[in-house]
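Working through the structure, step by step
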Amino acid sequence: MNQLRVSGGRVLRPDGRVERADVAVDRDEGTIRAVGAPTDVDDAVGGAADETLDASGSLVIPGLVNAHTHIAMTLLRGYADDKPLDPWLREDIWPAEAELTPDDVEAGAELGVLEMIRSGTTAFADMYFAMDRVAAVVDRAGLRARLGHGVVTVGKDAADARSDVEESLAVARELDGAADGRIRTAFMPHSLTTVGEEYLREGVAEAREAGVPVHLHANETTDEVEPIVDERGERPVAYADDLDALGPDDFFAHGVHVDETEIDRLAATGTAVVHCPASNMKLASGMAPVQRLREAGVTVALGTDGAASNNDLDVFDEMRDAAMLGKLAADDASAVPAGAVVEMATAGGADALGLPGGRIEPGAAADLAVVDLDAPHLTPVHDPVSHLAYAARGSDVRHTVCDGEILMRDREVLTLDAASVQERAATAASELVDRVESA
Ligand SMILES: CSC[C@H]1O[C@@H](n2cnc3c(O)ncnc32)[C@H](O)[C@@H]1O
Ligand SMILES: [Zn+2]
């Protein structure tokens, strides 16, 4: 066995306990072989490690999962701020995205992936355009992802609308299993209001036939919920159920404005919700009832949403925001505690996306982040889980491992050339804005 050993650290176990332990990784299989005291790990795997990552003074955690983003929107970070969702999209974001080229998407995706590796994220879900380019970046950079082409049919004639649906299905069929299985796919209609009913019905039926999940924005703002209720006489989750878009493989972004009946239906169908607290606060979309969702048994994951509504891709920020906002939403300081947001950012994310990882245990995918605790803002360490939720930052991550491969060692990303990625993205962003202004 080609063995990577993560040694000398404290390890976050699936039950939330933290213990001093080494982690032995089988790099051929990309899985964790043993976790425990160094001598026990030696006994379990035999032989010396081929490579070691020093985790002394550090906390070894499952690689974080960013369960909803639009990765290439890094190019639009800081481009348009301080507006609610609908005018932000219509007045600023969609006109800019109309000028995006596949090269831009690749440049933005590289920048996003670089930022994620640096902050300990090893898996993400992405809804955007030019997904073959995003897939190529994921393959090179070494992460895992669930990818889908985002469909919008409003404002399009029937031929264009149908071809958008077909593209999403084609991407879902063709890219599934790419990057040695690290890439999985989904059918991704943008939302229940931006995709017409006939296209939703056809697309979901074909996605079921192809065996790929469905991912969409749902119940994000009252502006989106109200027209559905007015026109259909039913809530969005009931409409989604009628479309056959709910199930244990499916995951919805946001779920801010969900009532008790909708929460029960999400739980009963096993549909996961990706909570995006920073985006919900920045766009003033509202406060998701995270405590209620979790109490009802809904799988809740965390997502940054795009970098234009966040404005970063740091899942540590998302954990802190989720814990803070969850308390405010429940009017209860004990709601959405530290352990809950850590679970949402790890096992909850992996479960929502149907990707391996999220737990440090033998047999699990070797997706890990090593968080350096030796910093003023992390001193003293009364409770490492509290630090993960409330005090740590993405920049505290020292090493990142995915599928048994080291993506970042001692804060140096090994799979991408950070300087050239930043330069390429900055140039692409400024040329994009020039094109938008002259359009
Ligand atoms: C059709 S690809 C995805 C599409 O979604 C847009 N988008 C970015 N953030 C949000 C959000 O919070 N709610 C809804 N839509 C969003 C993105 O700009 C793309 O156009
Ligand atoms: Zn989104």
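Presented here is an overview of the structure given in this document. Values in this document were obtained by computation on a predicted structure and should not be read as measured data. (Residues numbered from 1 in each chain as written. Chains lettered and ligands numbered in written order. Predicted model: local features only at pLDDT ≥ 70, side-chain atom pairs only at ≥ 80, totals over all residues. Heavy atoms only, no water.)

1. Some details on the coordination of the zinc ion (ligand 2)
Stated formally: The rule for donors is simple: an N, O or S atom within 2.8 Å of the metal counts, and for Na, K and Ca the reach is 3.2 Å. Water is not among the atoms, so a site may look short of donors. Four donors are marked tetrahedral only if all angles between them lie between 85 and 135 degrees, whereas four are marked square planar and six octahedral if opposite donors are more than 155 degrees apart and the other angles lie between 65 and 115; the remainder are marked irregular.
His68 (NE2), His70 (NE2), His217 (NE2) and Asp305 (OD) make up the full set of protein donors to the zinc ion (ligand 2), lying at 2.0 to 2.2 Å. Around the zinc ion (ligand 2), the 4 donor atoms sit at angles spanning 88 to 162°, and that spread fits a shape best called irregular.

2. Side note on helix α5 (residues 158-175)
Short version of the rule: The way it works is that DSSP assigns letters per residue, a run of H or I at least four long becomes a helix, a run of E at least two long becomes a strand, and they are numbered from the N terminus. To estimate the expected span of a helix, count its residues, drop one, and scale the result by 1.5 Å. Note on exposure labels: buried denotes an accessible area under 20% of the residue type's maximum, exposed denotes more than 50%, and partly exposed covers the range between, all computed with a 1.4 Å probe on protein chains only. Note that the arc is computed from the directions linking the helix axis to the C-beta atoms.
For α5, with 18 residues, the first-to-last C-alpha span of 26 Å sits near the 26 Å given by 1.5 Å per residue. The complete set of buried residues in α5 reads Ala161, Asp164, Val165, Ser168, Leu169, Val171, Ala172 and Leu175. Seen from one end, α5 has its buried residues packed into an arc of 165°, which puts them on one side. What points out from α5, more than 90 degrees from its buried face, is the exposed set Ala159 and Glu174.

3. What to know about the packing of helix α12 (residues 315-330) against helix α13 (residues 338-345)
Selection criterion: In this analysis an axis means a line fitted to C-alpha atoms, helices contributing only their contacting stretch, and an angle means the value between N-to-C directions, from 0 to 180 degrees. Angles are sorted into four bins: roughly parallel if under 35 degrees, roughly antiparallel if over 145, roughly perpendicular if 65 to 115, and oblique for all others. Take the far helix as your reference; a near helix turned counterclockwise from it by less than a right angle gives a left-handed crossing, and one turned clockwise gives a right-handed crossing. What makes two residues a contact is simply this: any of their non-hydrogen atoms within 4.5 Å. Three categories are distinguished: nonpolar for Ala, Val, Leu, Ile, Met, Phe, Trp, Tyr, Cys and Pro, charged for Asp, Glu, Lys and Arg, and polar for the others, with Gly belonging to the last.
Contact pair α12 / α13: the axes reach a minimum separation of 9 Å and the direction vectors enclose 140°. Accordingly, the angle class assigned to the pair α12 and α13 is oblique. α13 is crossed by α12, and the crossing has right-handed handedness. Residues Val315, Met319, Ala322 and Ala323 of α12 lie in contact with α13, whose contacting residues are Val341, Val342, Met344 and Ala345. Taken together, the residues of the contact of α12 with α13 break down into 8 nonpolar, no polar and no charged.

4. What to know about the side chain of threonine 74
Considering the arrangement of structural elements, one finds threonine 74 in the loop between β6 (64-69) and α2 (85-97). A relative accessible area of 4% places threonine 74 in the buried class. Filtering out sequence-adjacent residues up to four positions away, threonine 74 remains in contact with Gly108, Leu111, Gly112, Glu115, Ala307 and Leu313.

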